[in-house]
Amino acid sequence: MFNKIRRIDSGVYTVTAGNGVGRFVQRTVNVTVYYPPDISVVLVSGEDVTEGNPLQLECRAEAVPQNYTYSVWSRTIEGRHVPLVNNSPGKSLSISQVTFRDQGVYRCGASNGFGGFQWGQLEVKVRARPQFVRQINQQAAALGENSKLMFKFVSYPAYVNLRWYKLINGTAEKLTVSNSTESKYRSRVTDAYHEFMFYNTRVLLSGHVAELEISDVKRDDFGKYKFVAKNDEGSSETIMSFNLIDRPCPPTLSTTFCENRIANVTWITCFDGGSTQTFKLQYKKKGGDWVELPGNITDPGEDMAVSEVVEGLEERGEYIFGVYGVNRWNKSDTVQTSCTVTVSDVPPGTTSALAGPMAGGISGAIVLMGVALLVVVIFRRRKQGSRSSGETEQMRPDDTNGVQSTRHYENLPGIGFLENEQ
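Since the structure is predicted, the reported quantities are computational estimates derived from the model, not experimental observations.

Reading guide: rules and limits
Residues numbered from 1 in each chain as written. Predicted model: local features only at pLDDT ≥ 70, side-chain atom pairs only at ≥ 80, totals over all residues. Heavy atoms only, no water. Helix = DSSP H or I, 4+ residues; strand = E, 2+ residues; numbered from the N terminus. Buried < 20%, exposed > 50% of the residue type's maximum accessible area, 1.4 Å probe, protein only. Contact = heavy atoms within 4.5 Å. Salt bridge = Lys/Arg side-chain N within 4 Å of Asp/Glu carboxyl O. Phe/Tyr/Trp six-rings, centres within 6.5 Å; stacked < 30°, edge-to-face > 60°. Lys NZ or Arg CZ within 6 Å of the ring centre and 35° of its normal. Disulfide = S-S within 2.5 Å.

Caption draft 1: Highlighting the side chain of Thr50. Examined against the element boundaries, Thr50 turns out to sit in strand S4 (residues 49-50). Relative accessible area serves as the criterion here: at 19%, Thr50 is assigned to the buried category. Among residues more than four places away in sequence, those in contact with Thr50 are Val98, Val126, Arg127 and Glu233.

Caption draft 2: Representation of the pattern of salt bridges in the model. Going through the model one piece at a time under the given rule, you end up with 12 salt bridges. Ionic pairing is found between Glu211 and Arg188, a salt bridge with its closest N-O pair at 3.0 Å. Remark: Arg188 occurs in strand S18 (residues 185-198) and Glu211 occurs in strand S19 (residues 201-214); sequence separation between them is 23 residues. Taking the relative accessible area as the measure of exposure, Glu211 reaches 9% and is therefore buried. By relative accessible area, Arg188 is classed as partly exposed at 46%.

Caption draft 3: Representation of the packing of aromatic side chains within the structure. Counted by the stated rule, this structure contains 18 aromatic pairs. Measuring from centroid to centroid gives 5.6 Å for Phe100 and Phe196, while their planes differ by 65°, and the two rings are edge-to-face. Residue Phe100 is located in the loop between strand S9 (92-95) and strand S10 (104-111), and its partner Phe196 is located in strand S18; the two are separated by 96 residues in the primary sequence. With respect to burial, Phe100 and Phe196 carry one shared label: buried. Above the ring of Tyr165, the side-chain terminus of Lys226 is found at 5.2 Å from the ring centroid. We note Lys331 situated over the ring of Tyr324; from NZ or CZ to the ring centre the distance is 4.6 Å.

Caption draft 4: A look at the state of the cysteines. Evaluation of the coordinates by the stated rule reveals 3 disulfides. In this model Cys59 forms its disulfide with Cys108; the gap between the sulfur atoms is 2.1 Å. One disulfide, between Cys59 and Cys108, carries an S-S torsion of 85° and so falls in the right-handed class. Taken together, the positions of Cys59 in strand S5 (residues 55-64) and Cys108 in strand S10 put the pair 49 residues apart, joining distant regions of the chain. Residue classification places Cys59 among the buried residues on the basis of a relative accessible area of 0%. Linked covalently through their sulfurs, Cys258 and Cys339 form a disulfide whose S-S length is 1.6 Å. Here Cys258 is found in strand S22 (residues 252-259), whereas its partner Cys339 is found in strand S29 (residues 335-341), with 81 residues between them in sequence.

See below:
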């Protein structure tokens, strides 16, 4: 009798019996112990996983009986679940050409009907060239101050060499970098976590920040700088523009649309000149005086679309709209556009087909944008007197002729930045 049977108790047992009369009698019993699977994840494609090569993982189970049902595979990176492409239940998982984004802890499970699903996992590190964090590669400084150019990257295997260059007439000239206080260029590297976007999931990866400090900035120091990071798999490079702090460059007007006493003005933001900028929107009826809407319009970032909806215009007539950026140094040139306000045939007291959707929020903003922008919309409705600082002032009815404005911020397809996507 087994008090508590274990898997090692499986085997063939023989019992021999006799009573002294005649010969002994033997009986044989085969004992099979059923138990749930022990799971291990094995890298079949080789010990090292290198970018561009195939990856094959196998979910190996050991149990009795050996009729297994396998789960779908899953993956986590720094504790965050990251979806797998073309994933289905099975013993094996294959990726024809791995990339930097295919790293992580892979997990699989199997069951044989005894004890439920059991799980195993394996961490896969992908050897690749250094990867830079996606960022706005522009920096600005004033004459005479010390400034830093910062480059964010991750590297597996570990980086072995970092170099800085100044681009002069298209030629990269290597900079002499020293940690001496007398040096024109000094550098240091610190550890940091960086955010990347892997298959629509934000993950944090351990990486580095490489800083190039330029002391006593002169006019000759402005221009483009190249940073090169190298590891055993190769090298990667990125370029940053170093500019003199100046007024913002003027925005680019995208679309203007007028209907039923409402105008929608959309512009694309530009470099902020090296310091935080806001935008101002002004308008006038043709032949009239300029009226500037109160409050500041927040800059959502470089190469982003900003849509401002102005309500309460007169029923008919051509309007001119002007937009400019302002930072702590100066304001940009004003860019202008115009459109003619039209009136649709709607019953008295009925809100126009254009104004109605606007009041509804994001869906109205999409109608206003027409075919111009196909992106994520960050919507904010602002009445007169709303200021970027959050303060409100009571406006007199005749301050802006009853005009109100509604704002929409949109990221252009493929433009903008998210610190993190490779």
